[in-house]
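# Working through the structure, step by step
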Amino acid sequence: MAAKTPAPVDAPRSVGVVTPGNLHFEEPLALASGAQLAGYDLRYETYGTLDAARSNAVLVCHALNASHHVAGTYADQPRSTGWWDNMVGPGKPIDTRRFFVIGVNNPGSCFGSTGPMSVNPQTGEPYGSAFPVVTVEDWVNAQARLCDALGIARLAAVVGGSLGGMQALSWAIQYPQRIGHCVAIATTPKLSAQNIAFNDVARTAIQSDPDFHGGNYYARGVIPRRGLSVARMIGHITYLSGEDMTERFGRSLRSEDYAFGYGAEFEVESYLRYQGDKFSEYFDANTYLLITRALDYFDPARAHDGDLVAALAAARARFLLVSFATDWRFAPARTREIVAALIANGRDVSYAEIDAPHGHDAFLLDDARYHKLIAAYFDRIAAGAGEAR
Amino acid sequence: MLRQDLVQIASWIDREVPILDLGCGDGALLAYLRDSHRCTGYGIEIDDASVLACVRAEVNVIQADLESGLRMFADGMFDTVVLSQTLQAMHNVEAVLREMVRVGRRGIVSFPNFGHWSHAVSLLGGHMPVTPDIPYQWYDTPNIHLCTPRDFELLAARLGLRITDRALLARGRPVSWLENLRATVAIYRFEKR
């Protein structure tokens, strides 16, 4: 279903043209909320070749607004490059000449897996607000079922940034025997009050849009575009560092002088509005609510009286954690909490703090130190692939 | 080839014990102890290139400065905490030595001997010493707290550290006479009294 692994060359290349796959799961998925998801679909992509021992699979978990489309492009869609194409491909840090890489769209998202836009088999109508709230743990359970279906008993590694990093951590806790390495980037063991506050402002923007209709806007042929756009603008501010914004926009105006009005006069306003509008064209508002809630709820220590060391006691994977110095959304100190808890458990862990200027978004961007580190770590996974611990 | 002071340090470390290496560089000591002594452990290192080298060597490395890095570790987590060729560059030498015996049962430090006879010759000639072990000019040196073996022993006594082993080396070999003048590197193993 994915592009065949091309002959090795030295220069990093794209995996080329890819086609997503779709799997239907009839057995209901029991959710943390107590609800369950009746039959559901998972949309996914794979790159590279699964080896004979089925030991070289790497699962890439996506964050808020991304999907199963990690790398490559779709035929006849020139601007369809995957969200982590700079990380995954032949000769890239996660090298598809050696690894079988899996991207999967999480249930509740809006890129092909069952979510609020899907038809609820019980009513024949889109789920809308009736779609159950899902958690990071629920996603990991769904991902494990996809691995079962693909015949993969144990993943060489699970990797993700931000919310994707939370899923990688959760894999290490929920399925300790099924994951060799956990690579968690720009993440946190739980959201702070400030993180939750930003999410709540974003949700409130969506919910107060007159086109939201309590989440059941599909039947009315409208979408809460303005609310979703504002939600994205708020989110986007938290992805960038203040320094980076100053560097990129400063106080630059779009015309010569102040217009003494309230339009998008500053470059930064124009940029944010453009980002918001673009996002509202392709993202679903109910999914935004659901995924920000999954972020809020993630707190593996909660079941252990707030003790992260106890929460990670079950983990058996080896860990690489990476943070970025200018990330104030999930600051390095948050990752250090995870590192300290892993050390207290005596786990193998390495931690790098990359001095990149781009804030939280740095995990998606090219940075030589960051990419060399990930490449080196995956080299060592490849060298030891299949080894039992 | 393991650096000579690291060979001496490794000889003082038991098999299969947890080790913390402060300023672990490329992870050479930890990789050696893992392979030859089956030791587990972590290194703390601030430099990007060194962190990358540790990852390549499959050594657990935590990128942090020593002060904030040490806070991650609970009391008595390690058998031995190593600080090789770094003591002289620490801002707060006393605090680091105290932290070493907090997180470990024992500490090992190595440092260049500022009391080497050739340094006196340099000073008599009117210049700060520049040698293979202290290869910096006075204006760009990271070495802000150079000392002699006797100086270190006095500090250790003041901090309540009991020195259990001492090695004074020149060109990687033990020095047996006039060692305070002839050694280029001093290595001490100590524990809390």
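Every chain begins its residue count from 1, and numbering advances along the sequence as written. Working convention: letters from A go to chains and numbers from 1 go to ligands, in the order in which they are written. It should be noted that, the model being predicted, local features are given only for residues of pLDDT at least 70 and side-chain atom pairs only at 80 or more, the latter also being counted only at that level, while totals for whole chains, interfaces and linings use all residues. Only hydrogens and water are set aside when side-chain values are computed; all heavy atoms of the structure are taken into account.

Attention now moves to the overall build of chain B. Summing up its helical and strand segments, chain B has eight helices and eight strands in all. Principal-axis analysis of the C-alpha atoms gives chain B an extent of 45 × 35 × 30 Å. Expressed as a percentage of its 193 residues, the buried residues of chain B come to 51%. Contacts spanning at least 24 positions in sequence make up 63% of the contacts within chain B whose residues lie at least 6 apart. Accessible surface for chain B amounts to roughly 9,400 Å². Of this, 53% is attributable to carbon and sulfur atoms. Working convention for charge: Lys and Arg count positive, Asp and Glu count negative, and His plus the chain ends are omitted. The location of each charge is read from NZ of Lys, CZ of Arg, CG of Asp or CD of Glu. On chain B, the mean spot of the 20 positive side-chain charges and the mean spot of the 23 negative ones are 6 Å from each other. Counting from the N terminus, the helices are DSSP H or I runs at least four residues long and the strands are E runs at least two residues long. A simple rule labels every residue: compare its accessible area, found with a 1.4 Å probe on the protein chains alone, to the largest value its type can have, and call it buried under 20%, exposed over 50%, or partly exposed in between. We call two residues in contact whenever any of their non-hydrogen atoms come within 4.5 Å of each other. Shrake-Rupley sampling with a 1.4 Å probe provides the accessible areas, and residues are treated as covered by the protein chains on show and by no other component.

Residues and elements named next belong to chain A. Secondary-structure assignment places valine 88 in strand β6 (residues 88-89). Here valine 88 falls in the buried class, since its relative accessible area comes to 0%. Expressed as a C-alpha distance, the spacing of valine 88 and asparagine 105, which sit 17 residues apart in the sequence, is 17 Å.

Residues and elements named next belong to chain A. In this fold, tyrosine 218 is placed in the loop between α3 (193-207) and α4 (225-239). Linking tyrosine 218 and glutamate 125, residues 93 residues apart in sequence, is a C-alpha distance of 9.2 Å. A distance of 3.4 Å separates a polar atom in the side chain of tyrosine 218 from a polar atom in the side chain of tyrosine 217. The term polar contact refers here to a pair of N or O atoms within 3.5 Å; inside protein, the definition further demands a hydrogen-donor-capable atom paired with an acceptor-capable atom, and it admits residues adjacent in sequence only when both atoms are side-chain atoms. Among the polar contacts listed, one links the side chain of tyrosine 218 to the side chain of asparagine 286, at a separation of 3.0 Å.

Close approach of charged atoms lets side chains of opposite charge pair. Throughout this description, the term salt bridge denotes a Lys or Arg side-chain nitrogen within 4 Å of a carboxyl oxygen of Asp or Glu. Considering all chains together, one arrives at 30 salt bridges over all chains under this definition. Arginine 225 of chain A serves as the salt-bridge partner of glutamate 281 of chain A, at 3.5 Å between the closest nitrogen and oxygen. In this pair, glutamate 281 of chain A sits in helix α6 (residues 267-282) while arginine 225 of chain A sits in helix α4, placing the two residues 56 residues apart along the sequence. The exposure class assigned to glutamate 281 of chain A is exposed, which follows from its relative accessible area of 55%. Exposure remark for arginine 225 of chain A: the relative accessible area of 39% places this residue in the partly exposed category. One salt bridge connects aspartate 367 of chain A with arginine 369 of chain A, and the closest N-O pair in it is separated by 3.1 Å. Connected through shared salt-bridge partners, Asp14, Asp79, Arg105 and Arg106 of chain B make up one network.

Candidates for patches are residues over 30% relative accessible area with no salt bridge; among them, like charges are joined within 9 Å and nonpolar side chains (Val, Leu, Ile, Met, Phe, Trp, Tyr) within 5 Å. Among the surface-exposed residues, Trp117, Val121, Trp177, Leu178 and Leu181 of chain B lie close enough to one another that they form a single nonpolar patch of about 560 Å² accessible area. Relative to the helices and strands, leucine 178 of chain B is located in the loop between β7 (173-174) and α8 (179-182).

Taken together, the contact between chain B and chain A spans 15 residues of the former and 21 residues of the latter. Two parts placed together each lose some accessible area under a 1.4 Å probe, and the buried area is that loss summed for both. Taking both sides of the interface into account, the surface hidden between chain B and chain A amounts to around 1,600 Å²; carbon and sulfur atoms contribute 59%. Of all residues in chain B, Val55, Gln63 and Met72 of chain B give up the largest surface area on contact with chain A, accounting jointly for 35% of the area buried on that side. Here chain B is connected to chain A by two salt bridges. Salt-bridge contacts for arginine 369 of chain A lead to aspartate 48 of chain B; the nearest nitrogen and oxygen are separated by 3.8 Å. At the surface where chain B touches chain A, the tally comes to nine residue pairs in polar contact (both at pLDDT 80 or more).

Next up on the list: the packing of helix α1 (residues 4-11) of chain B against helix α2 (residues 28-37) of chain B. All names here are of chain B. One can describe the packing of α1 onto α2 by two numbers: an axis separation of 11 Å at closest approach and a directional angle of 40 degrees. When the interaxial angle is binned, α1 and α2 end up oblique. Of the two elements, α1 crosses α2, and the hand of that crossing is right-handed. Between α1 and α2, the residues in contact are Leu6, Ile9 and Ala10 and Leu29, Tyr32, Leu33 and His37, respectively. Grouping the constituent residues of the contact of α1 with α2 by class yields six nonpolar, one polar and no charged. For every element, the axis is a line fit to its C-alpha atoms; helices are fit only across the contacting stretch, and the angle between N-to-C directions ranges from 0 to 180 degrees. Here the angle decides the label: under 35 degrees means roughly parallel, over 145 means roughly antiparallel, 65 to 115 means roughly perpendicular, and every other value means oblique. Take the far helix as the reference: if the near one is turned anticlockwise from it by less than a right angle, the crossing is left-handed, and if turned clockwise, right-handed. The classification used treats Ala, Val, Leu, Ile, Met, Phe, Trp, Tyr, Cys and Pro as nonpolar, Asp, Glu, Lys and Arg as charged, and all other residues, Gly among them, as polar.

To continue, consider the state of the cysteines. By definition, disulfides here are pairs of cysteine sulfur atoms that lie within 2.5 Å. Throughout the structure, instances matching the rule amount to zero disulfides over all chains. Looking at the unpaired cysteine 182 of chain A, the closest cysteine sulfur is the one in cysteine 61 of chain A, lying at 8.9 Å. Note on cysteine 39 of chain B: no disulfide assigned, nearest cysteine sulfur contributed by cysteine 24 of chain B at a separation of 15 Å. Taking the relative accessible area as the measure of exposure, cysteine 39 of chain B reaches 6% and is therefore buried.

Residues and elements named next belong to chain A. Within the fold, threonine 287 resides in helix α7 (residues 285-297). The exposure class assigned to threonine 287 is buried, which follows from its relative accessible area of 0%. At a separation of 2.8 Å, a polar atom in the side chain of threonine 287 contacts the main-chain carbonyl oxygen of glycine 108. If sequence neighbours within four positions are ignored, threonine 287 has contacts with Gly108, Ser109, Cys110 and Pro116.

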